[in-house]
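# Survey of secondary and tertiary structure
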Amino acid sequence: QVQLVESGGGLVQAGDSLRLSCAASARTLSTYAMGWFRQAPGKEREFVSAIKWSGGDTVYADFVKGRFTISRDNTKITVSLQMNSLKPEDTAIYYCAVRRYFLRDLTRAAEYDYWGQGTQVTVSS
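Okay, so let's go over this structure. Quick caveat, the model's predicted, so the values are computed rather than measured.

A tally of helices and strands in the protein chain yields zero helices and 11 strands. Compactness check: the protein chain gives a C-alpha radius of gyration of 14 Å against a globular reference of 14 Å for 125 residues, within 12% of the reference. Projecting the C-alpha coordinates of the protein chain onto the three principal axes gives extents of approximately 40 × 25 × 25 Å. Residues counted as buried form 43% of the 125 residues belonging to the protein chain. Counting only contacts in the protein chain whose residues sit at least 6 apart along the sequence, the fraction spanning at least 24 positions is 57%. With the model as given, the accessible surface of the protein chain reaches about 6,700 Å², and the carbon-plus-sulfur share is 44%. Between the mean site of the 15 positive side-chain charges and the mean site of the 12 negative ones, the protein chain shows a separation of 5 Å.

Quick look at the structure:
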């Protein structure tokens, strides 16, 4: 069973930055894409960003475009999310996920194969 471990969450003020990282326990894993999702209290899990492993194409939710940047490390199964200009509405638990095979719509959480436990991001106003 593959485990994904997120790190980098914390409590920051509006306008600050955080960098989240996610590492897979497997040395090798067939990976089509890795993504970040988030879930705020009382809300459904929502897509944040994803990156295709081959080629590095990225996808972002509209509400993070220009503020968040996703990147991957091809030498290991690791994905990062650089979050700048954080807002209180970014407060949520952030989860990383792996999609092993082709998926046309990377925003669909139900189609991902492995999930991390999540890391809390809290942005105070």
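Next comes the rest of the write-up.
Our next topic: the environment of L81. Examined against the element boundaries, L81 turns out to sit in strand 8 (residues 78-83). Along the backbone, L81 and T69 are 12 residues apart, and their C-alpha atoms lie at a distance of 5.6 Å. With near-sequence residues (within four places) excluded, L81 lies in contact with L18, R19, L20, W36, V48, S49, F68, T69, I70 and Y94.

Once that is clear, we can look at the pattern of salt bridges. A side chain of one charge can pair with a side chain of the opposite charge when the charged atoms of the two come close. Evaluated as defined, the whole model comprises six salt bridges. We note a salt bridge from K65 to D62, for which the minimum N-O separation is 3.1 Å. Of the two residues, K65 and D62, both sit in the exposed class. A salt bridge links R99 to E111; the nearest nitrogen and oxygen atoms lie 3.8 Å apart.

Here we take up the environment of V123. Along the polypeptide, V123 turns up in strand 11 (residues 119-124). Each C-alpha atom, one on V123 and one on C96, is 19 Å from the other, the two residues being 27 residues apart in sequence. In this structure V123 touches V12, Q13, A14, L86, K87, P88, D90 and T91, once residues within four positions along its chain are discounted.

Okay, the sheet that holds strand 1 (residues 4-7) next. The sheet built from four strands is open, its strands ordered 1-3-8-7 with antiparallel pairing. Strands with a single pairing partner mark the edges of an open sheet, and in this sheet they are strand 1 and strand 7 (68-73). Along the sheet, successive strands turn relative to each other by an average axial angle of 15°, direction set aside. The pairing of strand 1 with strand 3 (residues 18-24) spans four bridges and is antiparallel. Within the sheet, the bridge partner assigned to V5 lies in strand 3 and is A23.

So, how was this worked out
Residues numbered from 1 in each chain as written. Predicted model: local features only at pLDDT ≥ 70, side-chain atom pairs only at ≥ 80, totals over all residues. Heavy atoms only, no water. Helix = DSSP H or I, 4+ residues; strand = E, 2+ residues; numbered from the N terminus. Rg over C-alpha atoms; globule rule 2.2 N^0.38 Å. Buried < 20%, exposed > 50% of the residue type's maximum accessible area, 1.4 Å probe, protein only. Contact = heavy atoms within 4.5 Å. Areas by Shrake-Rupley, 256 points an atom, 1.4 Å probe, with all protein chains shown as cover. Lys, Arg positive; Asp, Glu negative; His and termini not counted. Charge placed at Lys NZ, Arg CZ, Asp CG, Glu CD. Salt bridge = Lys/Arg side-chain N within 4 Å of Asp/Glu carboxyl O. Pairing = 2+ DSSP bridges. Axes fitted to C-alpha atoms, helices over the stretch in contact; angles between N-to-C directions.

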